[in-house]
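Survey of secondary and tertiary structure
Listed below are the residues making up each chain.
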Amino acid sequence: MAVNAAPSGYLERPRPSGLADVIEIILDKGIVIDAYVRVSLIGIELITIDARIVIASVDTYLRFAEAVNRLNITDDGSQGLPELMETVTQGGAKSKTKGALEGVKEKLPGGGGDDDDDKGTRRKRTTSSRSRSRSSGDDE
Amino acid sequence: MSEVHVHGVTHAAERAAIEGAGARAVVHGELAAVVGDAAPDTRAADLARRHWKVLEAIAATATVLPVRFGTVMAGDAAVADELLAPDHDALRARLERFEGTVQLTVKGTYDEAALMRSIVEGSPEVARLRERVRTLSEAAGHFERIRLGEIVAGAVEQARQQDAARLLEHLDAHAIDRRIEPATGTDGAVNAAFLIERGRTAAFGRALDAAAEELAGRVELRVIGPLPPYSFASEEAAAWA
């Protein structure tokens, strides 16, 4: 990335983007090529599901309850929150201390490392040319 | 079997930039599609990284429309005959609309402890429930815990809106357009994509510095980019398709 000229702490020293950022920014974005013409949209369903796990609101509430309860108990305590979504997000957020990529790579199928989680490690073919990738609306 | 990934569409004149980015150009008329040979058994995450890197490299100097990640076509001929030829003028018009612009994505993350502290201090109900939940076993306090979390979630949402507004106050003047996207996770504060004139990224960066100063201790900001207009090019897809 090349931003020349002028001092800005942010633009002068951009941090590398981790996989979490990459996924979040590119997923479901960009020109959609007509389904009759393209061969397939690969792997999207998979990665969409993994990166944007829809968490039931009760679970969300419990996570917030835990966050607020954690306050005085420990400052850097173990999160104990297995949801991938949080891992992805925090992996991206805490890149200072822990490379964003490393933060996510154990959890995201195909994210590197030597995970043997077969479902995520290779591209998945969608043969139905009519089916579009999950619209983002499905994920909320 | 020479299927190709289609990463994006740019001007035919950008062939050098495309090849410099490690991709191939399929040219038709005034347009070039940015393609890469399909590699079976490549991990989805690696494909995502490749898509990102190719487009990021091209976007450093040229305007490129991202094609939705994961798009595969039958081969170079299909890209030329079925994508570039029939939609040549529409694609060129869209490309021109983004000429000279880049996307910068700004993400803010809460200092979770600071945020939670402010919420506890700001709400007697939260403080009371929190004390109560802490005296109960997990099973006994289940519903109180849900109630507590629900209130906290509401307070976090309110904080997000307020902090996003403070951020946008600094940045909006420097952007042509912007999209607010959902902030994720318990500590996500803001996630916004800005469309900016190339020549004004420095001014945007300075505005971001000022915003960061205002939000210091509460929200940590990061900027990602310059990127191709991921969040903006997709908007018209429905109308265009």
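For the structure given in this document, a descriptive report is provided here. Residue positions are given per chain, counted from 1 along the sequence in the order it is written. Chains and ligands are labelled by the order in which they are written, letters from A for the one and numbers from 1 for the other. Under the rules for a predicted model, residues below a pLDDT of 70 receive no local features and side-chain atom pairs below 80 are neither given nor counted, while totals for whole chains, interfaces and linings still include all residues. No hydrogens and no water enter the side-chain calculation; it runs on all heavy atoms of the structure.

This part takes up the packing of helix α2 (residues 19-26) of chain A against helix α2 (residues 44-59) of chain B. Here an axis means a line fitted to C-alpha atoms, over the contact stretch when the element is a helix, while the angle between two N-to-C directions is reported on a 0 to 180 degree scale. Per the convention used, a helix needs a DSSP run of H or I reaching at least four residues, while a strand needs a run of E reaching at least two, with both numbered from the N terminus. At a minimum axis separation of 10 Å, α2 of chain A and α2 of chain B run at an interaxial angle of 75°. Judged by the inter-axis angle, α2 of chain A sits roughly perpendicular to α2 of chain B. Between α2 of chain A and α2 of chain B, the contacting residues are Leu19, Asp21, Val22, Ile23, Ile25 and Ile26 of chain A on the first element and Ala45, Ala48, Arg49, His51 and Trp52 of chain B on the second. Residues belonging to the contact of α2 of chain A with α2 of chain B are distributed by class as follows: 8 nonpolar, 1 polar and 2 charged. Note on angle classes: values under 35 degrees are labelled roughly parallel, values over 145 roughly antiparallel, values of 65 to 115 roughly perpendicular, and the remainder oblique. Contacts were defined at the residue level, with two residues in contact if any of their heavy atoms lie within 4.5 Å. Three residue categories are used. Nonpolar comprises Ala, Val, Leu, Ile, Met, Phe, Trp, Tyr, Cys and Pro, charged comprises Asp, Glu, Lys and Arg, and polar comprises the others, including Gly.

Attention now moves to the pattern of salt bridges. When a carboxyl oxygen of Asp or Glu is within 4 Å of a side-chain nitrogen of Lys or Arg, the pair counts as a salt bridge. The final tally for this structure, using the stated rule, is 22 salt bridges over all chains. With a closest N to O distance of 2.4 Å, glutamate 112 of chain B and arginine 70 of chain A form a salt bridge. Taken as a pair, glutamate 112 of chain B in helix α5 (residues 112-122) and arginine 70 of chain A in the loop between α4 (57-69) and α5 (84-93) lie in two separate chains rather than in one. By the burial criterion, glutamate 112 of chain B is buried, and arginine 70 of chain A matches it. By sharing partners, the salt bridges in this structure join Asp21 and Glu24 of chain A together with Lys107 and Arg222 of chain B into a single network. Burial status follows relative accessibility: with a 1.4 Å probe on protein chains alone, a residue under 20% of its type maximum counts as buried, one over 50% as exposed, and anything between as partly exposed.

Backbone hydrogen bonds are what pair the strands of a sheet, in a parallel or an antiparallel way. Residue and element names in this part refer to chain B. The pairing criterion for strands is at least two bridges between them, as found by DSSP. On the basis of which strands lie adjacent, the open sheet formed by 4 strands has the order β7-β8-β6-β9 and antiparallel pairing. Edge positions in the sheet fall to β7 (177-181) and β9 (219-227), since each of these pairs with one other strand and no more. Along the sheet, successive strands turn relative to each other by an average axial angle of 20°, direction set aside. Where β7 lies against strand β8 (residues 188-197), 5 bridges are found, and the strand directions are antiparallel.

The omega torsion of the bond from glycine 225 of chain B to proline 226 of chain B falls at 5°, within 30 degrees of zero and hence cis. With respect to the helices and strands, proline 226 of chain B occurs in strand β9.

Moving on, we get to the packing of aromatic side chains. The description of an aromatic ring pair rests on the distance of the ring centres and on the angle between the ring planes. Residue and element names in this part refer to chain B. Ring pairs are drawn from Phe, Tyr and Trp, using the six-membered ring of Trp, whenever the two centres fall within 6.5 Å, and their geometry is named by plane angle: stacked under 30 degrees, edge-to-face over 60, tilted for the rest. Taken as a whole and assessed by the stated rule, the structure comprises 2 aromatic pairs over all chains. Plain terms: the ring middles of tryptophan 52 and tyrosine 230 are 6.0 Å apart, the flat faces sit at 5° to each other, and that makes the pair stacked. Note that tryptophan 52 is positioned in helix α2 and tyrosine 230 in helix α9 (residues 230-233), a separation of 178 residues in sequence. Pair check on accessibility: tryptophan 52 and tyrosine 230 agree, each one buried.

Moving on, we get to the nonpolar core. One broad trend across soluble globular proteins is that nonpolar side chains are buried collectively. For this analysis, a nonpolar core means a set of buried residues of the types Ala, Val, Leu, Ile, Met, Phe, Trp, Tyr and Cys, connected via side-chain atoms within 4.5 Å. The biggest cluster of nonpolar side chains holds 40 residues, and the ones touching the most others in it are Val106, Met116, Val152, Leu167, Phe194 and Leu221 of chain B. Breaking this core down by element, the ones donating at least two residues are α4 of chain A together with β6 (101-110), α5, α6 (124-135), α7 (142-171), β8, α8 (201-215) and β9 of chain B. In terms of residue count, the dominant contributor to this core is α7 of chain B (10 residues). Not counting the four nearest positions on each side in its chain, phenylalanine 194 of chain B is found in contact with Val102, Gln103, Leu104, Val106, Leu168, Leu171, Asp172, Ala175, Asp177, Arg178, Phe204 and Phe232 of chain B. Counting 26 residues, the second-largest nonpolar core is a separate cluster that includes Ile25 of chain A together with Ala32, Ala48 and Leu55 of chain B.

Its location among the elements puts threonine 71 of chain B in strand β5 (residues 71-73). Of the residues examined, threonine 71 of chain B reaches a relative accessible area of 1% and is grouped as buried.

Read these as geometric descriptors, not functional statements.
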